[in-house]
Amino acid sequence: MREPGARVNAVARAAAPGYRAAHPNHRRRVFLTPATYDVVAIGNAIVDILAQADDAFIAEQGMTKGSMQLMFSPAEADALYAKMGPGREVSGGSAANTIAGIAALGGKCGFIGQVADDQLGQVFKHDINAAGIRFDTPPRAGEPTTARCLIFVTPDGQRTMNTFLGASQFLPEHAIDREMIAGGAILYLEGYLWDPEEPRAAMRAAIDVARAAGRRVAFTLSDVFCISRHGDDFRQLMADGLIDILFANENELLALCQTEDFEAAVAQAAAQVPVLVVTRSEHGAIAVKDGERVAVAAEPIARVVDTTGAGDLFAAGFLHGQAQGRDVATSLRMGALCAAEIISHYGARPEVDLKAMVAAKLG
């Protein structure tokens, strides 16, 4: 649904704090060849290990509930893993979750990410290939191991993540598949992966490849801690006209725009990217495209079981809608439907036929 006053006044936008006119590259894009893939993503290749925990355990371990924190050695990960209750393993990683959602919706996808030549690396590759996603980044020999994320889910559905990035932070520029990137209608990049130097260089190269082929570049801010470390980089990508679709949740948007005023942040960011998408948990989501603002309510569900992957699957629905040529309002609704399915059960991979579910709701 359109919000009241959805058409953003151009003069007001130009007066917004931090406003910069859209980069000329946004206006002269030429699509050189038909796309082979709907979306190609670059992100952390992680195996998630999920277990239930109570608030007391979260506090005892010094974790910040609902957040993601990094572990910097396999020994640290092993020590925390030993304290977990019964868990389940499933291939994860933010962009990988998104691409799995798009594949489940019927999209043709590719994924680029680094695993090690070990058992968890084989688990990741099997899972993502089994979902119908092209993934052929060569595994990395030796240490460190494949990345893992220990996820503690509290009774209210909140997930607290502890991530050992392992091999995923060593994705080299030469490992990116330029032909696959050039063939993807949309290149989707994960903010989490911007932290290590090698993947950052790989993603910058991927942006160049995608834009040279006339493709759209989507970027997710991932987490406030990413913005605290790399906000200047992210703001420069926007100022240089290198991001076509920006995904953020409300807190990430405020951090990016360095303000506590949500409306000011929306105006500022929307002035610098062709499409801005902001998720707001139980308050739904908004998108601004070319100055027109659209909102969608959160899809009702019986109970929130686990919020792991909610933003990832929202992005999946929205990107699939865009790749299909749907309008922004419909793409938002697709995102809301996918997010609702994922928070109704444990884990960040869909457990129903997403394609059939969305078709039943939207026709």
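Residues numbered from 1 in each chain as written. Predicted model: local features only at pLDDT ≥ 70, side-chain atom pairs only at ≥ 80, totals over all residues. Heavy atoms only, no water.

Short version of the rule: UniProt positions are given in the numbering used here, feature names are shortened, and annotations may be inferred rather than shown by experiment.
The chain appears in an unreviewed UniProt entry as Sugar/nucleoside kinase (Ribokinase family) from Sphingomonas japonica. Under the Sequence similarities (unreviewed entry) heading, UniProt states for the chain: "Belongs to the carbohydrate kinase PfkB family."

### Quick word on the pairing of strand 9 (residues 184–190)
What counts here: When a residue's accessible area, from a 1.4 Å probe over protein chains only, is under 20% of the maximum for its type it is buried; when over 50% it is exposed; and in between it is partly exposed. Each helix corresponds to a stretch of at least 4 residues labelled H or I by DSSP, and each strand to a stretch of at least 2 residues labelled E; elements are numbered beginning at the N terminus. Two strands are said to pair when DSSP picks up at least two bridges between them.
Counting buried residues along strand 9, six of its seven residues qualify, which places the element largely inside the surrounding structure. One ladder, built from five bridges, connects strand 2 (residues 37–42) with strand 9; its direction is parallel. Of the residues in strand 9, the one forming a bridge with Val-39 is Ile-186. As paired elements, strand 9 and strand 10 (residues 216–220) share five bridges and run parallel to each other. Of the residues in strand 10, the one forming a bridge with Leu-187 is Val-217.

### Section: the packing of aromatic side chains
So the rule is basically this: The criterion for an aromatic pair is that two Phe, Tyr or Trp rings (for Trp, the six-membered ring) have centres within 6.5 Å, with stacked assigned to planes under 30 degrees apart, edge-to-face to planes over 60 apart and tilted to the rest.
A full pass over the atoms with the stated rule returns ten aromatic pairs. Arranged with centres 5.8 Å apart and planes meeting at 45 degrees, the rings of Phe-111 and Phe-135 form a pair that is tilted. Taken together, the residues Phe-111 in strand 6 (residues 109–112) and Phe-135 in the loop between helix 5 (119–130) and strand 7 (147–153) connect sequence positions 24 residues apart. On the accessibility criterion, Phe-111 (0% relative accessible area) is buried. Phe-135 gets classed as buried once you look at its relative accessible area, which sits at 3%.

### Some remarks on the sheet that holds strand 4 (residues 68–71)
The following threshold applies: To obtain an axis, a line is fitted to C-alpha atoms, over the contacting stretch when the element is a helix, and the angle between two such axes runs from 0 to 180 degrees between their N-to-C directions. Contacts are assigned to residue pairs that have any heavy atoms within 4.5 Å of one another.
Taken together, the five strands give an open sheet; going across it, the order is 4-8-7-3-5, and neighbouring strands pair in mixed fashion. The two strands at the open ends of the sheet, each matched to only one other strand, are strand 4 and strand 5 (87–92). Going from strand to strand, the sheet's axes swing by 25 degrees on average, the running direction of each strand aside. Examined bridge by bridge, strand 3 (residues 46–52) and strand 5 share six bridges and lie antiparallel to one another. Among the inter-strand pairings, Val-47 is bridged to a residue of strand 5, identified as Ser-91. Contacts from helix 5 reach strand 3, strand 5 and strand 7 within the one sheet, and its direction differs from that of strand 5 by about 65 degrees.

### Brief notes about the pairing of strand 6
Going residue by residue along strand 6, you find Cys-109 and Phe-111 tucked away on one face and Gly-110 and Ile-112 tucked away on the opposite face as well. With four bridges connecting them, strand 2 and strand 6 associate as parallel partners. The residue bridging Val-40 from the neighbouring strand is Gly-110, located in strand 6.

### Observations regarding unusual backbone geometry
Cis geometry marks the peptide bond from Glu-143 to Pro-144, where omega comes out at 0 degrees. Assignment of secondary structure puts Pro-144 in the loop between helix 5 and strand 7. In this structure, Asp-290 takes a positive phi of about 50 degrees despite not being glycine. You can see Asp-290 is positioned in the loop between strand 13 (285–289) and strand 14 (292–296). A relative accessible area of 58% places Asp-290 in the exposed class.

### Structural notes on the UniProt feature "domain: Carbohydrate kinase PfkB" (unreviewed entry) in the chain
Mapped onto this numbering, the UniProt entry annotates "domain: Carbohydrate kinase PfkB" (unreviewed entry) at residues 88–350. Here residues 88–350 runs as 40% helix and 21% strand, with 15 Å between its end C-alpha atoms.

### Observations regarding the nonpolar core
Heads up, the condition is: In plain words, nonpolar cores are sets of buried Ala, Val, Leu, Ile, Met, Phe, Trp, Tyr and Cys residues tied together by side-chain atoms within 4.5 Å.
In this structure, Ile-42, Ile-181, Phe-219, Phe-234, Leu-246, Leu-253 and Leu-276 are the most contacted members of the largest nonpolar core, which totals 58 residues. Examining the composition of this core, we find that seven residues originate from one element, helix 7 (residues 197–212), more than from any other. When sequence neighbours within four positions are dropped, the list of residues in contact with Ile-42 reads Ala-95, Phe-111, Ile-112, Leu-171, Ile-181, Leu-187, Tyr-188, Leu-189, Glu-190, Leu-193, Met-203 and Ala-206. Listed in part, the 47 residues of the second largest apolar core include Tyr-188, Val-294, Leu-319 and Ala-339.

### Here's the deal with the packing of helix 8 (residues 224–239) against helix 9 (residues 250–257)
Rules: Note on terminology: angles under 35 degrees are roughly parallel, angles over 145 are roughly antiparallel, angles of 65 to 115 are roughly perpendicular, and the others are oblique. For any pair of crossing helices, the crossing counts as left-handed if the nearer helix is rotated counterclockwise from the farther one by less than a right angle, and right-handed if it is rotated clockwise. The nonpolar class holds Ala, Val, Leu, Ile, Met, Phe, Trp, Tyr, Cys and Pro. Asp, Glu, Lys and Arg form the charged class, and all remaining residues, Gly among them, are polar.
Between helix 8 and helix 9, the least distance of the axes is 9 Å, while the angle of their chain directions is 60 degrees. Comparing their axes, helix 9 and helix 8 come out oblique. Like other packed secondary-structure pairs, helix 8 and helix 9 cross with a definite hand, here right-handed. For the pair helix 8 and helix 9, contact is made by Val-224, Ile-227, Gly-231, Phe-234, Arg-235 and Met-238 and by Asn-251, Glu-252, Ala-255 and Leu-256, respectively. Residues that form the contact of helix 8 with helix 9 fall into these classes: six nonpolar, two polar and two charged.

### Observations concerning the packing of helix 4 (residues 94–104) against helix 11 (residues 310–323)
With their axes 8 Å apart at the nearest point, helix 4 and helix 11 run at an angle of 45 degrees to one another. One finds that helix 4 runs oblique with respect to helix 11. When you trace helix 4 past helix 11, the crossing you get is right-handed. Taking contact as the criterion, the partners of Ser-94, Asn-97, Thr-98, Gly-101 and Ile-102 in helix 4 are, on helix 11, Asp-312, Leu-313, Ala-315, Ala-316, Leu-319 and His-320. A breakdown of the residues in the contact of helix 4 with helix 11 according to their chemical character gives five nonpolar, five polar and one charged.

### Concerning the side chain of Asp-177
For clarity, the cut-off: Here a polar contact is taken to be a pair of N or O atoms separated by no more than 3.5 Å, where protein atoms must pair a possible hydrogen donor with a possible acceptor and residues adjacent in sequence count only if both atoms sit in side chains.
Tracing the backbone shows Asp-177 in the loop between strand 8 (159–164) and helix 6 (178–182). Relative accessible area serves as the criterion here: at 18%, Asp-177 is assigned to the buried category. A polar contact of 3.2 Å, which involves the side chain of Asp-177, links it to the backbone nitrogen of Glu-179. Look past the residues within four positions of Asp-177 in its chain and what remains in contact with it is Ile-112, Arg-134 and Asp-136.

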